[in-house]
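Report on the structure
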Amino acid sequence: MTRTDDLVIDVVRALAAFEGVEPHELPYSLHNHVATDAIRSLADSDDDRWELTFDVPDHVVTVNGSGEIRIDGDLVRRSDALRSERYQ
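Reference entry: report on the structure contained in this document. Predicted, not measured: the structure shown is a model, and the values here were computed from it.

Analysis parameters
Numbering of residues starts from 1 in every chain and runs along the sequence as written. Per-residue local features are limited, in this predicted model, to residues with pLDDT of at least 70; the limit for side-chain atom pairs, both in listing and counting, is 80 or more; totals at the level of whole chains, interfaces and linings are taken over all residues. Just so you know, side-chain values use all the structure's heavy atoms and leave hydrogens and water out. In this description a helix means any DSSP run of H or I spanning at least four residues, a strand means any run of E spanning at least two, and both kinds are numbered starting from the N terminus. Each salt bridge in this description consists of a side-chain nitrogen of Lys or Arg and a carboxyl oxygen of Asp or Glu lying within 4 Å of one another. Classification of residues uses two cut-offs on accessible area relative to the type maximum, computed with a 1.4 Å probe and protein chains only: under 20% is buried, over 50% is exposed, and between them is partly exposed.

**A closer look at the environment of His31**
By the secondary structure assignment, His31 is in the loop between helix 1 (3-19) and helix 2 (36-44). Linking His31 and Val8, residues 23 residues apart in sequence, is a C-alpha distance of 9.7 Å.

In structure tokens, the structure reads:
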């Protein structure tokens, strides 16, 4: 798995952790609310000085070039986002 795929999966895991559910229990698919290819392209770029903000139901998500994920302004720790092993 590449860094770019990891970031998309980390966003899904972060949303699930924020909601207190497993990733497969989210009531929506991430690709219905943001172009996941855009996340992958940005994450794959040599320049890490970028930020992408998008809406999903009930939340505003921001990711950036350092891999930081914020939901409704709150930083989601990587350890929280990785709490679900079932999504791998």
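**Topic: the pattern of salt bridges**
Under the criterion given, the structure shown has four salt bridges. Arg40 is the partner of Asp37 in a salt bridge, and the nearest nitrogen-oxygen pair spans 3.5 Å. Residue Asp37 and its partner Arg40 are located together in helix 2, separated by three residues, close to a single helical turn. Of the residues examined, Asp37 reaches a relative accessible area of 55% and is grouped as exposed. According to the relative accessible area criterion, Arg40 is partly exposed, its value standing at 27%. Two residues, Arg70 and Glu68, come together in a salt bridge whose shortest N-O distance is 3.3 Å. For Glu68, a relative accessible area of 27% corresponds to the partly exposed category.

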